[in-house]
Amino acid sequence: MSVGGPAGGRQLASSSTRYACGLSALTTDEPDANVFAQAIAAEAAAIDAGFALLFFSQSLVDATALSQALKAHAPLLAYAGCSTAGEITPQGLEEGHILALLLPSASFSTVSIMVDNLSSSGMDRITGEVAALRRLLRGRVGHELAKGTFALCLIDGLSYAEEAVTSAIHWGLDDIPLIGGSAGDDLKFETTRLISNGKVASDSAIIMLITTEIPFHVFKTDNFIPTDEKLVVTASDPDHRIVREFNAINAAEEYAASVGIIPQTLTPLSFASHPVVVKVGGEYYCRSIQRMHADGSLSFFCAIDDGVVLSIAQPKNMVEATRAALKDVEEKLGGIDMILGFDCVLRRLDARNRQVFRDISELYRVNNVIGFGTYGEQYRSMHLNQTFTGIAFGERQAAE
């Protein structure tokens with residue numbers, strides 16, 4: 001494994017890391033898309049990469065500029081990517097970076113499609129696209145897609161469509177595990193961008209099917225425990241994920257009273273530190289609040305509707321919960337080589353708030369986690385919040 005070292009006392013702006021399973025990660029915090037695209041092209045040629053994943057901060061680089069640079073310097077490389085709310089690089093948690101993960105053709109076969117106009121898209125169309133992708137991949141690998149296949153998705157995190165899209169993708173996958181993240185825009189909540197093989201879009205999703213001989217394990221972890229404190233949605237705008245009232249009282253006022261905060265001081269940090277959860281099929285899932293509006297209504301990162309019963313949750317130790325989850329993955333896989341991770345931006349905010357940001361960052365670094373800060377996570381059939389979802393890869397030797 002090679003990583004850019006310090007230059008004049010500072011970490012190099014760019015780093016390159018090769019993992020034992022064959023994957024290769026490149027990062028930079030330099031805003032020149034052409035220079036980074038040239039580095040991607042060189043590394044893709046060196047490891048014979050057939051596909052690349054790209055995660056980028058829009059404060060550093062424009063999606064169209066990145067797409068054009070890839071067309072100019074790596075015209076034959078297929079890729080998919082999205083804008084972020086922070087990155088996870090080989091050095092740990094970062095902001096304002098571009099990250100590329102290259103998949104070598106020798107051990108990864110990938111097919112992908114961008115589905116646009118999500119807000120007006122029928123879900124049958126998405127399930128149909130998944131079926132077509134499965135046929136395409138089966139034709140390429142020449143056999144039934146067995147246990148060596150997983151699905152990745154990237155979805156516009158401001159599309160209000162993640163639940164329906166995740167469910168539609170899962171429906172078309174059969175037993176193939178799905179994992180993914182919602183694109184972010186550095187907590188501006190204005191526009192997220194997805195890029196795929198020359199296309200740049202919002203209100204879209206990218207679906208990828210990947211077959212590999214490398215052993216892998218798909219997992220999720222969170223760090224909250226439900227309490228008996230209940231909030232019932234009594235007035236909402238489901239299309240825009242806005243709650244106006246809890247328990248027939250102004251939403252911000254009732255939420256603030258439940259967690260012991262003055263409504264006027266509610267911020268994304270408050271929402272990250274005091275999550276609300278919903279019970280689905282015996283399990284609790286986070287339904288994170290995005291922001292408060294001037295009228296005291298609350299926007300959510302997840303689908304919401306009248307009659308939904310939310311419980312206020314107590315956070316447990318994030319570092320310990322994450323460490324335990326990673327240890328469990330390591331045991332199941334017989335050792336972790338690297339992890340592609342989708343980490344809710346609210347976990348990052350909460351980690352800062354509880355002063356464990358460095359500890360979480362170090363935990364990701366030593367476990368070779370790379371990925372990005374999301375506006376929501378996809379896991380099997382569910383769209384989640386305030387969760388870390390990931391796919392861990394073992395070393396190639398274990399597969400042979």
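Everything numeric in this text was worked out from a predicted model, so none of it was measured.

## Examining the UniProt feature "domain: FIST C-domain" (unreviewed entry) in the protein
Thinking step 1. Residues annotated in UniProt with the feature "domain: FIST C-domain" (unreviewed entry) correspond here to residues 251-381.
Thinking step 2. Taken end to end, residues 251-381 is 38% helix and 30% strand, and its two terminal C-alpha atoms sit 29 Å from one another.

## Side note on the pairing of strand S3 (residues 14-18)
Thinking step 1. Side-chain alternation along S3 places Ser-15 and Thr-17 on a buried face and Ser-14, Ser-16 and Arg-18 on a face that remains uncovered.
Thinking step 2. When S3 meets strand S4 (residues 24-28), the two strands line up antiparallel, connected through 5 bridges. Each residue of the ladder has a partner; that of Ser-15, found in S4, is Thr-27.
Thinking step 3. Where S3 folds back onto S4 in an antiparallel hairpin, the turn is made up of 5 residues, including Gly-22, whose phi is positive at roughly 105°.

## Comments concerning the side chain of Asn-223
Thinking step 1. With respect to the element layout, Asn-223 can be found in the loop between strand S16 (216-221) and strand S17 (224-237).
Thinking step 2. Among the residues examined, Asn-223 registers a relative accessible area of 4% and is labelled buried.

## A look at the packing of helix H7 (residues 318-333) against helix H9 (residues 357-366)
The axes of two packed helices give the description: the angle between them and the distance between them.
Thinking step 1. Remark: H7 packs on H9, axes separated minimally by 9 Å, with the N-to-C direction vectors making an angle of 10°. Comparing the axis directions of H7 and H9 gives the class roughly parallel. Here H7 contributes Met-318, Val-319, Thr-322, Arg-323 and Leu-326 to the contact with H9, which in turn contributes Asp-359, Ile-360, Leu-363 and Tyr-364.
Thinking step 2. Partitioning the contact of H7 with H9 into residue classes produces 6 nonpolar, 1 polar and 2 charged.

## Considering the pattern of salt bridges
Thinking step 1. Scanning the entire structure with this criterion turns up 15 salt bridges.
Thinking step 2. Here Glu-162 makes a salt bridge to Arg-241, at a shortest N to O gap of 2.5 Å. On the criterion of sequence distance, the pair formed by Glu-162 in helix H4 (residues 162-173) and Arg-241 in the loop between S17 and strand S18 (242-246) is long-range, its members being 79 residues apart. Arg-241 shares its class with Glu-162; the two are buried.
Thinking step 3. Between Lys-220 and Glu-283 there is a salt bridge, and its shortest N-O distance comes to 3.7 Å. One end of the pair, Lys-220, is in strand S16; the other, Glu-283, is in strand S21 (residues 283-286), and 63 residues separate them in sequence.
Thinking step 4. Through salt bridges with shared partners, one network takes in Glu-95, Arg-348 and Arg-352.

Parameters at a glance
Residues numbered from 1 in each chain as written. Predicted model: local features only at pLDDT ≥ 70, side-chain atom pairs only at ≥ 80, totals over all residues. Heavy atoms only, no water. UniProt positions renumbered as here; feature names shortened; annotations may be inferred. Helix = DSSP H or I, 4+ residues; strand = E, 2+ residues; numbered from the N terminus. Buried < 20%, exposed > 50% of the residue type's maximum accessible area, 1.4 Å probe, protein only. Pairing = 2+ DSSP bridges. Axes fitted to C-alpha atoms, helices over the stretch in contact; angles between N-to-C directions. Parallel < 35°, antiparallel > 145°, perpendicular 65-115°, else oblique. Contact = heavy atoms within 4.5 Å. Nonpolar A, V, L, I, M, F, W, Y, C, P; charged D, E, K, R; others polar. Salt bridge = Lys/Arg side-chain N within 4 Å of Asp/Glu carboxyl O.

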